[in-house]
Amino acid sequence: HMEGIGWDNLENSWLVTYDNQFTGLISSVTTGGIATAVIPATGNPGKHVIRVVHGSFTMPYLNMQQSPRPDRPTFTLFFTVTDGLPVFPPEAGSQSLAPEAGTPASGTGPAIWTDPASATVGTPLTISGSGLTAGAELTLNWYTVVGNRVGGQGWDEASSELGKVAVGADGTFRYELAVPDDLGGPHRIEATVGDTVVAQTELTITPSAVSISPSSGPVGTVITIQLKGVGWTETANIYNLTYDNGYLGYACGFNTNGDVRIYLPAAGTPGWHFIDLYPGIYKGKDVPGVQNFRIPQLTYADDHPGERLPAFHFAFEVTE
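In short, a report on the structure.

A tally of regular secondary structure across the protein gives one helix and 20 strands. Expressed as a percentage of its 320 residues, the buried residues of the protein come to 47%. Excluding contacts between residues fewer than 6 apart, the proportion of contacts in the protein whose partners are at least 24 apart in sequence is 67%. Entry remark: accessible area of the protein is about 15700 Å², with carbon and sulfur atoms responsible for 54%. Separation between the mean location of the 14 positive side-chain charges and that of the 30 negative ones in the protein comes to 7 Å.

Quick look at the sheet that holds strand 10 (residues 173-178) now. Spatially, three strands are ordered 5-7-10 in an open sheet, and the strand pairing comes out antiparallel. Strands at the two margins of the open sheet, each flanked by one partner only, are strand 5 (111-115) and strand 10. Along the sheet, successive strands turn relative to each other by an average axial angle of 20 degrees, direction set aside.

Moving on, we get to the sheet that holds strand 8 (residues 137-147). An order of 6-12-11-8-9 is seen for the five strands of this open sheet, with the pairing classed as mixed. The outermost strands of the open sheet, each flanked by one partner alone, are strand 6 (118-119) and strand 9 (155-166). Bridge count for strand 6 against strand 12 (residues 196-205) is two bridges, and the pairing is parallel. Paired with S118 across the strands is T204, a residue of strand 12.

Most of strand 1 (residues 14-18) is tucked away, with five of its five residues classed as buried. Covered by surrounding structure in strand 1 are W14, V16 and Y18 together with L15 and T17, the residues of both alternating faces. Looking at chain direction, strand 1 and strand 2 (residues 21-26) are connected through five bridges and run antiparallel. Note that in strand 2 the partner of V16 across the bridge is G24. Hairpin connection of strand 1 to strand 2: two residues between the antiparallel strands, including D19 at a positive phi of 50 degrees. Of the pairings in the sheet, the one linking strand 1 to strand 3 (residues 46-54) comprises five bridges and is antiparallel in character. In the strand pairing of strand 3, W14 is matched with H54.

Counted by the stated rule, this structure contains nine aromatic pairs. With 5.3 Å between their ring centres and 40 degrees between their planes, Y239 and F312 make a pair best called tilted. Taken as a pair, Y239 in strand 16 (residues 238-243) and F312 in strand 20 (residues 312-318) lie far apart in primary sequence, 73 residues in all. Within the aromatic cluster, the residues linked to one another by ring pairs are W155, W232 and F254. Just above the ring of Y61 sits the side chain of R72; from NZ or CZ to the centre is 5.9 Å. Against the face of Y282 rests R294, its NZ or CZ located 5.7 Å from the ring centre.

On to the layout of surface pockets, then. Space inside the largest pocket adds up to approximately 620 Å³. A41, V81, P86, V87 and F274 are, among the 28 residues lining the largest pocket, the residues nearest its centre. Of all the secondary structure elements, the ones that give two or more residues to the lining of the largest pocket are strand 4 (75-81), strand 19 (271-279) and strand 20. Per-class residue counts for the lining of the largest pocket are 15 nonpolar, ten polar and three charged. There is about 420 Å³ of room inside the second largest pocket. Lining the second largest pocket are 18 residues, and of these N12, S27, V29, I281 and N292 lie nearest its centre. When its residues are assigned to classes, the lining of the second largest pocket shows eight nonpolar, nine polar and one charged.

Let us now look at the side chain of H54. Locating H54 in the fold gives a position in strand 3. A polar contact of 3.4 Å, which involves the side chain of H54, links it to the backbone nitrogen of E11. Leaving out residues up to four positions away in the same chain, H54 has contacts with N9, L10, E11, N12, S13, W14, P60, Y61, M64 and R72.

A separate point is the nonpolar core. I223, I225, L227, L241, I275, L277 and F314 are the most contacted members of the largest nonpolar core, which totals 23 residues. Those elements giving two or more residues to this core turn out to be strand 13 (208-213), strand 15 (222-228), strand 16, strand 18 (260-265), strand 19 and strand 20. No other element matches strand 20, which puts four residues into this core. When near neighbours in sequence (up to four residues on either side) are disregarded, L227 contacts S208, A209, V210, Y239, G258, D259, V260, L277, F312 and F314. Counting residues in each nonpolar core, the second largest holds 19 residues, with I112, A136, A199 and L203 among its members.

Next up on the list: the environment of A178. Locating A178 in the fold gives a position in strand 10. Distance in space between the C-alpha atoms of A178 and T126 is 8.1 Å, their sequence separation being 52 residues. A178 has contacts with G122, T123 and L125, leaving out every residue within four places of it along the chain.

Cut-offs applied
- Residues numbered from 1 in each chain as written.
- Predicted model: local features only at pLDDT ≥ 70, side-chain atom pairs only at ≥ 80, totals over all residues.
- Heavy atoms only, no water.
- Helix = DSSP H or I, 4+ residues; strand = E, 2+ residues; numbered from the N terminus.
- Buried < 20%, exposed > 50% of the residue type's maximum accessible area, 1.4 Å probe, protein only.
- Contact = heavy atoms within 4.5 Å.
- Areas by Shrake-Rupley, 256 points an atom, 1.4 Å probe, with all protein chains shown as cover.
- Lys, Arg positive; Asp, Glu negative; His and termini not counted.
- Charge placed at Lys NZ, Arg CZ, Asp CG, Glu CD.
- Pairing = 2+ DSSP bridges.
- Axes fitted to C-alpha atoms, helices over the stretch in contact; angles between N-to-C directions.
- Phe/Tyr/Trp six-rings, centres within 6.5 Å; stacked < 30°, edge-to-face > 60°.
- Lys NZ or Arg CZ within 6 Å of the ring centre and 35° of its normal.
- 1 Å grid on protein atoms, 1.4 Å probe; cavity = no way out; pocket = protein on both sides within 12 Å on 5 of 7 lines; lining within 4 Å.
- Points joined across faces, edges and corners; volume = space filled by probe spheres on them.
- Nonpolar A, V, L, I, M, F, W, Y, C, P; charged D, E, K, R; others polar.
- Polar contact = N/O pair within 3.5 Å; in protein donor to acceptor, adjacent residues only side chain to side chain.
- Core = buried A, V, L, I, M, F, W, Y, C linked by side-chain atoms within 4.5 Å.

Laid out in structure tokens, this is it:
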């Protein structure tokens, strides 16, 4: 927990290291200079060293006393890992944000809505409508974004048909399905009669953890981690991975419609090792000063600049 974080380029970016491994970013852009980050205790029993260091360009600035602002402190903290059974993260399939309930239309004109309004891939979903022409046959169309940022062709909006539904005599309908396997973020849903759009709404897909496999094995075992519903915007299209609180890199979900699979060789001494995936910012405005892009944002829960996103936590046992 940190308080009194400043706002300008030489005060606003603080970075965490764990046993001299870079872990991630503490930020407080929207939280009034107050930041809270949670990381797992990793490593063998005994004392471990956590440092909070200012960084002007992504990484910790180590010779602060010789910097343009030598008054900035470096904080050194200690944590003792004790003997005993490890504290395991939740099962992969249970790691996601709770669905948000949809709100039925309150007016008398044509309207459609979803319940839930936001949820993970595969969640049971109901699209409802009211105020529509009795007996009309509606086509429900799903909109998404296709493409990527690095292939040179850019990206564009695309649509597909979810299904057709007949409006009842009272001007209402109800259509049940599962949340499509697609990119995270908001997706427009249109109800059309022929080429005419009669109503539209929006459903937000939130990311979810699918699996880690296997859960144990010797050094070199390939660990496969799968996520669904990873987004496409510059604040949602990557997840940043740490292994025992050491940052390794990031994975992107745009090019594969939100389906992310990471193939990671198991490393380290025999015992339990912890793998964490944090949201981060893929790219931002190129301005002088702090550039906290493509690194774990440890304060994602309170201070993420865009979407409401979860972090994901896994454990793997290295065997003899």
